[in-house]
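Residues per chain are reported as follows:
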Amino acid sequence: SSEVYCYGNLLHTIQMAKLFEDSKTFVDMRLNNPPAKTLEDFEALMTAKNNTPTAEDLKKFVDEYFSPKGTELTAWDPTDWKEHPKFLDNVIDADLKQWGQDLNNIWKQLGRKMVDDVSKRPELYSIIPVPNPVIVPGGRFIEFYYWDSYWIVRGLLYCEMYDTVRGMINNFKSMVQRIGFIPNGGRVYYWGRSQPPYLTSMVKSYVEFTNDYQFAIDSLDELEHEFEFFMNNHSVQVKGHDMAVYRDSSTGPRPESYSEDVESAKVFQTDAEKEDHWSELKSAAESGMDFSSRWFIDSAGGNSGNLTNLKCRSVVPVDLNSLLYWNAKLIAEFHTKAGNTAKAATYEEKAQKLFVAIKEVLWNPNVGVWQDFDLINQKHRDYFVPTNLWPLWVKAFNTTESKNISESVLAYIKKNKLDSFPGGVPNTLNPTGEQWDYPNVWAPMQYGMVQALLNLETVDARKLGLDWAYRWVLSNFKAYRDDLHMYEKYNAEVFGGHGGGGEYGVQTGFGWSNGVIIEWLAKYGRELSSGNNCTC
């Protein structure tokens, strides 16, 4: 952590002055002098101004002691980019094929590499040095992010950019080696939190496309370390089972949203209460769903309220525990390939324990689906979230029960009218104004739900899964055709509409949206037609 970028009087004073429209701007700026001199000169300024500098005083200080954000990165043209990847041959419709070509071109716009100075003088930057170039999400997110990268990697693999993917995975492995886990994103101010753990499944994706199991075997130390990091540092006991919750380990407001967090904490009276609130904000950020009523627990045990009702650390999430199950299964698979039978058996046992926990704690027989579990009120949280279906995606269910599970899941979908939205299935059904609530729709959630339904291998579930995939592709195509942008999030209520709400404006680019569309064009391009404007 850094006293300039992560905590301290300089950070507090400048961020509370609100010099920038986006709080993230300041903590992404480069230091012009060593941290010690910067801090020393800042304290001298504070003394000279009787600890009450004006906004103009602070602006002059920032202009002198910091360089604009983005100077640590330079545009990078991926060396393994192909003008006509083979997936385009699977797309019959001419307009959709051109769209696929455009999305392939966008990878070049999102390529970044770090300037040499970052590795030589890392103390001047908030960015975490990594050895290889990256594909970034886009918009305000000019650095790499952890869970975004899973869907970016999938898209890159369909574009045959294997070297880029291998480099990105090696970047993540290097962070596990140096830091002990993969932070939320590539900045030091994310030091207290990770994101949903997709590294192991990134490695599996790479192996699926390249058959390079040796790479997976060589990655086992880092994959095991990450798995154990979550099980050791995020663990809770629930009904006799070891499970995991999202949990940040840092103190103070989020540096990248500092003034916003200070403002939202004003309703709390004590420092301990404020600290607790900030921890909930950062834990919810670790989930990737920042923010959502998924994490609200009100006084009645419901999901009403606002950010002061965040209780993320007290919610046992379906997705995190499903991903950890998947990771353990994949680690066991890689050990089996390496001939490490004892280690493979160890991780099969870890996976089996999570399998049982997911069934006994998270499955709600009253509604016929898995649901997050509220530790405060000791009950299931009976609200729709796409991640309720994640055990189906990662196959953490008994496949001999597929028919019964399919019937109950499809009944749940029908009851909640999830198939009624022209722009995709919303993240929740609760319109709070938070970006991970209704009516926003997100590519990774559509992807997980479709994979979940397909994994049931029943006729009705497969039909619905394909319907949702086709609808998503065509809705995204309409949005792209209208203004030539791919968006971070979309609008469930509008066929081809982009999303809104939350802490920042609409972002374009956009890494995971591109990745999902490329994969589905590759898989379903022979069936799709741009003339079929599905509006439900």
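Note that this is a predicted model, so its numbers are computed, not measured.

**Student:** How would you sum up the overall build of the protein chain? Please name residues and give values.
**Tutor:** Scanning the protein chain from terminus to terminus reveals 20 helices and 14 strands. Each of the three principal axes of the protein chain carries a C-alpha extent, and together these read 75 × 55 × 50 Å. Burial statistics for the protein chain: of 536 residues in total, 62% are counted as buried. Look at the contacts in the protein chain between residues 6 or more apart in sequence, and 72% of them connect residues 24 or more apart. Total accessible area computed for the protein chain in this model is approximately 20,200 Å², and 48% of it derives from carbon and sulfur atoms.

**Student:** How would you sum up the sheet that holds strand β8 (residues 315-316)? Please name residues and give values.
**Tutor:** The strand order β8-β11-β12 describes an open sheet built from three strands, whose pairing is antiparallel. Either end of the sheet is taken by a strand with one partner, and the two such strands are β8 and β12 (379-380). In this sheet, strand β11 (residues 373-374) lies alongside β8 in antiparallel orientation, the contact comprising two bridges. Paired with V315 across the strands is D374, a residue of β11.

**Student:** Lay out the sheet that holds strand β5 (residues 134-135) in plain terms, naming residues and giving numbers.
**Tutor:** Read across the open sheet, the three strands follow the order β3-β4-β5; overall the sheet is antiparallel. Strands at the two margins of the open sheet, each flanked by one partner only, are β3 (73-75) and β5. Pairing of strand β4 (residues 111-114) with β5, which is carried by two bridges, proceeds in the antiparallel orientation. Within β5, the position partnered with G111 by the bridge is I135.

**Student:** Tell me what's going on with helix α9 (residues 199-210), and back it up with residues and numbers.
**Tutor:** The end-to-end C-alpha distance of α9, which contains twelve residues, comes to 17 Å, matching closely the 16 Å that a straight helix rising 1.5 Å per residue would cover. Buried within α9 we find L199, T200, S201, M202, V203, K204, S205, Y206 and V207. Tucked into the core, α9 has its buried residues touching α7 (148-158), α8 (162-179), α10 (213-218), α11 (220-233) and α14 (318-338). Just downstream of α9, N211 is the residue with a positive phi angle, here 60°.

**Student:** Kindly report on the pattern of salt bridges, identifying the contributing residues and their values.
**Tutor:** Counting across every chain of the model gives 36 salt bridges. The partner of K37 in a salt bridge is D41, with the nearest N and O atoms 2.8 Å apart. Of the two residues, K37 and D41 both sit in helix α3 (residues 35-48), four residues apart, roughly one turn of that helix. Overall, the relative accessible area of 39% leaves K37 in the partly exposed class. What you see here is one network of salt bridges that share partners, running through K24, D28, E72, E143 and R187.

**Student:** Tell me about the pairing of strand β7 (residues 241-244), and please be specific about residues and values.
**Tutor:** Across four bridges, the pairing between strand β6 (residues 235-238) and β7 is antiparallel. When the sheet's bridge partners are listed, V236 is paired in β7 with M243. Counting the residues that bridge the hairpin from β6 to β7 gives two residues, and of these K239 lies at a positive phi of roughly 50°.

**Student:** So what's going on with the environment of K395? Residues and values would help.
**Tutor:** Along the polypeptide, K395 turns up in the loop between α16 (390-393) and α17 (402-415). Separated by 60 residues in the primary sequence, K395 and N455 have C-alpha atoms spaced 7.3 Å apart. If we ignore the near neighbours within four places in the chain, the residues touching K395 are Y325, F355 and N455.

**Student:** Can you tell me about the pairing of β4, naming the residues and giving the values?
**Tutor:** Sheet analysis places β3 next to β4, joined by three bridges and oriented antiparallel. In the strand pairing of β4, T74 is matched with K113.

**Student:** Run through the environment of A411, naming residues and quoting values.
**Tutor:** Locating A411 in the fold gives a position in helix α17. The exposure class of A411 is partly exposed, given its relative accessible area of 43%. For A411 and T54, which are 357 residues apart along the polypeptide, the C-alpha to C-alpha distance reads 60 Å.

**Student:** Any chance you could break down the side chain of S250 for me, citing the residues and the numbers?
**Tutor:** With respect to the helices and strands, the residue S250 is situated in the loop between β7 and α12 (258-264). Engagement of the side chain of S250 in a polar contact is seen with the side chain of D248, the distance being 2.7 Å. In terms of polar contacts, S250 uses its side chain to reach the side chain of K282, at 3.0 Å. Setting aside chain neighbours within four positions, we find S250 in contact with W191, G192, E275 and K282.

Thresholds, definitions, all that
- Residues numbered from 1 in each chain as written.
- Predicted model: local features only at pLDDT ≥ 70, side-chain atom pairs only at ≥ 80, totals over all residues.
- Heavy atoms only, no water.
- Helix = DSSP H or I, 4+ residues; strand = E, 2+ residues; numbered from the N terminus.
- Buried < 20%, exposed > 50% of the residue type's maximum accessible area, 1.4 Å probe, protein only.
- Contact = heavy atoms within 4.5 Å.
- Areas by Shrake-Rupley, 256 points an atom, 1.4 Å probe, with all protein chains shown as cover.
- Pairing = 2+ DSSP bridges.
- Expected span 1.5 Å × (residues − 1).
- Salt bridge = Lys/Arg side-chain N within 4 Å of Asp/Glu carboxyl O.
- Polar contact = N/O pair within 3.5 Å; in protein donor to acceptor, adjacent residues only side chain to side chain.

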